[in-house]
Amino acid sequence: MSKRRHDAGLARADHLTAGDPGAVEALLSATMPGPEATLADAFRRHGWRAADLDPLGLAPHEAPAWVAPTAWPGLEDEVERLDEVYCGTLGWEFGHLQEAARFDWLAAEAERAEPPTAEATARAAWLVAAGEAFEAATLKRLPTVKTFGMSGAEPYMVAVDSAIREADVRDVVVGGMHRGRLTQLALLFGKPLARLVAEVRGVPDLDPSLGAASDVPYHLGWEGERDDGVHVWVAPHPSHLSIVAPVATGRARGTPGALPLMLHTDAAFAGQGVNFELLQLSGLPGYTVGGSIHLVLNNQVGFTTSAAEGRTSRTCVDAAKAVEAPILHVNGDDPVAALLAGRTAARYRARFGADIVVEVVTYRRRGHNEMEEARFTQPLMQAAIDALPPVSTRMGAAPDLSGFRRALDAAFEATPAIPNTAGNTSGLGPDIEARMAEAVATGLDGDRLARLARALAEPPEGLALHPRVAQFLERRREMADGARPLDWAMAEALAFASLLDDGHPVRLTGQDTARGAFAQRHLILHDQRNGRAHDVLSRFGAAEVVNSPLIENAALGFEYGLSGARPDQLTVWEAQFGDFLNVCQPIFDQYVTGGEDRWLMTSPLVMMLPHGFDGGGPDHSTGHLERVLARCARGNITVAVPSTPANLFHMLRRQLARPWRKPLVLMTPKVLLRSAACTSSLAELGPGTGVASVIAEDVASPSRVVICSGKVYYTLAAAREERGLAGEVALVRVEELYPWPERALGEALARWPSAEVVWVQEEPANLGAFVWADRRLEAAAGRRVHAVTRPAAASPAVGWSDWHKAEEAALVDAALDVSVREARHAAE
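Residues numbered from 1 in each chain as written. Predicted model: local features only at pLDDT ≥ 70, side-chain atom pairs only at ≥ 80, totals over all residues. Heavy atoms only, no water.

## Regarding the overall build of the chain
The test is simple: By definition, any uninterrupted DSSP run of H or I lasting at least four residues is a helix, any uninterrupted run of E lasting at least two residues is a strand, and each is numbered from the N terminus. For the radius of gyration, the atom set is restricted to C-alpha positions; the globular benchmark scales as 2.2 Å times the number of residues to the power 0.38. Using a 1.4 Å probe on the protein chains alone, a residue whose accessible area is under 20% of its type maximum counts as buried, one over 50% counts as exposed, and one in between counts as partly exposed. Pairs of residues are marked as contacts when any of their non-hydrogen atoms sit within 4.5 Å. The method behind every accessible area is Shrake-Rupley, applied with a 1.4 Å probe, and residues are considered shielded solely by the protein chains displayed. Charged residues are defined narrowly, with Lys and Arg counted positive, Asp and Glu counted negative, and His plus the chain ends left uncounted. Taken as the charge location is NZ of Lys, CZ of Arg, CG of Asp or CD of Glu.
Looking only at helices and strands, the chain features 30 helices and 24 strands. Relative to a compact globule of 828 residues, whose C-alpha radius of gyration would be 28 Å, the chain shows 31 Å and is just as compact. With the C-alpha coordinates of the chain rotated into their principal frame, the extents come out at 100 × 70 × 50 Å. Every one of the 828 residues in the chain was classed for burial, and the buried ones make up 58%. Long-range pairs, those at least 24 residues apart, make up 81% of the contacts in the chain between residues at least 6 apart in sequence. Surface accessibility of the chain: about 32,000 Å² in total, with carbon and sulfur atoms responsible for 52%. Across the chain, 80 positive and 104 negative side-chain charges occur, with their mean positions spaced 3 Å apart.

This is the structure:
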């Protein structure tokens, strides 16, 4: 029988097994060469379903007919051997793997039945007993404090520790969870007991004079060394805890040779879509980390929601099958099985550089947290838990915990004053907004700019370009020679090339980013004859230009984590449209804007959100500027709406020129990408130049001053010219909205003390910058500032082109109608 037909038969067997176990024998017999091979394959593909995985004994136990010795006359001994391997307290699920090499390796690893060393077994026993002791001590001494303890799941730590020790790496990056957080920090990741206990008792981990919020103890991260010398970085995480995994995975990519360990709980792994997004990223060249080990602690309940209510899938880890990650299911009352699973996971990752999942089926002795009463909703489960003695009492001789107990007692008796001084706090403090507003020279020598510009315009010899791409490069050559002003994409490319030339790596990712969603960028050129791709930036240094999948939440989290690990790299994530901020709001709120305030996480990440009311409808008009500005405080990020290519160039270069790192959110244009008006000269990028936070015109005595940001400036400038109002209306552009440029704007407006001042924005009245900037505008102007906007609306923009044009015409009329000044003054 051909291998192709044989594999097809096995696929049919997989499909039919759930509905008719008896069909497996018939199908496998028809597709396998002999009874022993048929028997072995049945166990390898389906034996995990008959494994003894529930320590409470409450879950229905499958007993397919084909696992019974009587189903295989003459092979009873082989059935018994395979049953011991695949149907015990460690279930091996790898029947969904289509690559023969991986399937065979896992089968060999399972059937080798290599016992753990005595040292490893002793370590496992100690971890379980020490975990129980830590849990008991915290419950006794801090009975009213939530710790989301590990009690009932201590063997989970054995799987984590085994994976780390088997991996034999110098660095581990951990994306964690609430459950057992403090116990794991103490016993697995080397956090000092005295500091840990102080935090649990309510001593802030930061000096309050920094003005940072910090977080609850079970959200805090940690960086330090384990007792075996392995350096660990444990990511802090919010309550929306699954979003920590892409952040930690990005961090791992930025930490060469690191082992990524992602720690999950059952309800979160099964229910949160960001986990599926991360799995989809895992095998892509721009996102690989050599494989992550996902360790899922299965509580068998999510807060109060049972598994039957919480998921459709058979197990909580079935999402991993989409990327053919093997799954090892462990009975959480068997520390040795947990040890073997962790060991296998590390070996598989080392062999294949791919993701693997370990599910440890456990229980919670004390409910969701110590203040909860689990018996309200899970009385039978809790009764079964109460009947079980601690795992350590079922493991033989008790390990010596005397030293650990003394250390624990000393930690509780120590003076609880251990502030965290390890983090980078240079970007905090009451003066940070003023420091962020200071000018930074980011311009370059003209000869160097010309050299870089010419290189950007030259494709490799022999590359057959698309005719329109050839024209694109010809225009770039004219820009390099000074015969044509710089457009948006050229200024951006010059910023990238110059940073690379300075020795800074550059990474640009996003949906359709290499070409540009609006065909404006062309940083990857494609040969029209053979499809060969050429990276335009590669000649300048270490550049990555990556098209991402149609994923926002995990993709943004990945870039944020990566940027924190590489502070001297320019890391840029671009949304296809700014509206896609909707989909990555958790990452944006909790890490991009809150990471430094809560956890001292710093990042030079740049977010590009294409923004502007061009008639694209409700989903393609706004980067939700109002939402971005609402998150601005304490100098946490920079928010800009640059209207010139020169300002874009300087803002990108400034990201790596300051002594601290802050995320930058750019509202980038769409129609302006090809506008003849939206250009800059090479001189505007020259020596001594930098970001212009406010751009004011030289108008002698206007009756009205219009303040605006972004694309609407060009709309108003063209209409003003058509109406002959150049001397009547002055236009002032606020290029950076946060930190708010009060001084620069005040100086610009001071020259026109008697002019009426209005703010104009494209967005509806309830959206855009005005809701946030209202009082700030009046403080800078020293007078009342009225707003000209679209009418308040439930959707950001209208859907029909004619409606859009009518709204824009009304907006322009109201913005430039100087005749209303006298009527308004009279009314006031």
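## Some words on the sheet that holds strand E19 (residues 694-696)
Strands in a sheet are paired, the pairing made by backbone hydrogen bonds, and the direction either parallel or antiparallel. Selection criterion: Only strands joined by at least two bridges in the DSSP assignment are considered to pair. To obtain an axis, a line is fitted to C-alpha atoms, over the contacting stretch when the element is a helix, and the angle between two such axes runs from 0 to 180 degrees between their N-to-C directions.
Spatially, the 5 strands line up as an open sheet ordered E19-E21-E20-E23-E24, and their pairing is mixed. Edge positions in the open sheet fall to E19 and strand E24 (785-790), since each of these has one partner strand only. Strand-to-strand twist across the sheet, computed as the mean angle between neighbouring axes with direction ignored, equals 25°. Across 5 bridges, strand E23 (residues 756-764) lies against E24 in parallel orientation. Of the residues in E24, the one forming a bridge with Pro764 is Arg790. Strand contacts of helix H26 (residues 712-723): strand E20 (704-708), strand E21 (729-734) and E23, with the helix running at about 170° to E21, the strand carrying the most contacts. Relative to E19, helix H27 (residues 742-750) is tilted by about 10°, and along the sheet it contacts E19, E20 and E21.

## Side note on the nonpolar core
Selection rule: Note on terminology: a nonpolar core comprises buried Ala, Val, Leu, Ile, Met, Phe, Trp, Tyr and Cys residues joined through side-chain atoms within 4.5 Å.
Among the nonpolar cores identified, the biggest contains 93 residues, and Tyr86, Phe189 and Leu261 are the most heavily contacted of them. Among the elements that line this core, the one with the most residues is helix H14 (residues 335-352), at 9 residues.

## Quick look at helix H20 (residues 488-501)
Put simply, the test is: Any helix carries an expected span of 1.5 Å times its number of residues minus one.
With 14 residues, H20 should cover 20 Å at 1.5 Å per step; its first-to-last C-alpha distance of 20 Å lies within 8% of that length. H20 sits mainly inside the fold: 13 of its 14 residues count as buried. Gly503 occupies a position one or two residues after H20 and carries a positive phi of about 100°.

## Some details on the pattern of salt bridges
This is how it is decided: Any carboxyl oxygen of Asp or Glu that lies within 4 Å of a side-chain nitrogen of Lys or Arg is treated as forming a salt bridge with it.
Applying the stated rule across the entire model yields 59 salt bridges. Here Arg653 makes a salt bridge to Asp502, at a shortest N to O gap of 3.1 Å. Residue Arg653 is located in helix H25 (residues 645-654), and its partner Asp502 is located in the loop between H20 and strand E11 (506-510); the two are separated by 151 residues in the primary sequence. The class for Asp502 is partly exposed, based on a relative accessible area of 36%. Between Arg723 and Asp813 there is a salt bridge, with its nearest N and O atoms 2.7 Å apart. Note that Arg723 is positioned in helix H26 and Asp813 in helix H29 (residues 801-816), a separation of 90 residues in sequence. One salt-bridge network, held together by shared partners, links Glu109, Arg112, Glu114, Glu166, Arg343 and Arg347.

## Details of the confidence of the model for the chain
The line we're drawing: As a per-residue measure, pLDDT tells how confident the predictor is, with possible values from 0 to 100.
Model confidence for the chain is summarised by a mean pLDDT of 91, while 93% of its residues fall at 70 or above. Here residues 1-33 is modelled with pLDDT under 50, and outside its nearest four sequence neighbours on either side it reaches 41 contacts, counting other chains as well.

## Some thoughts on the packing of aromatic side chains
Definition in use: Any two rings among Phe, Tyr and Trp, with Trp reduced to its six-membered ring, count as a pair given centres within 6.5 Å; such a pair is stacked if its planes are under 30 degrees apart, edge-to-face if over 60, and tilted if neither. Lysine and arginine charges are scored as sitting over a ring when NZ or CZ, respectively, is within 6 Å of the ring centre and within 35 degrees of the ring normal.
Tallying each qualifying case throughout the model produces 14 aromatic pairs. Taken together, a centroid distance of 6.1 Å and an interplanar angle of 65° make the contact between Phe577 and Phe580 edge-to-face. For Phe577, a relative accessible area of 15% corresponds to the buried category. When the ring of Tyr713 is compared with that of Tyr714, the centres are 5.0 Å apart and the planes differ by 80°; the resulting orientation is edge-to-face. The class for Tyr713 is buried, based on a relative accessible area of 10%. By relative accessible area, which is 13% here, Tyr714 ends up buried. The structure contains a cluster of three or more aromatic residues connected by ring pairs, namely Tyr86, Phe94 and Phe103. Over the ring of Tyr287 we find Arg507, and its NZ or CZ is 5.4 Å from the ring centre. Here the guanidinium or amino end of Arg776 rests over the ring plane of Trp772, the centre of that ring lying 3.8 Å away.

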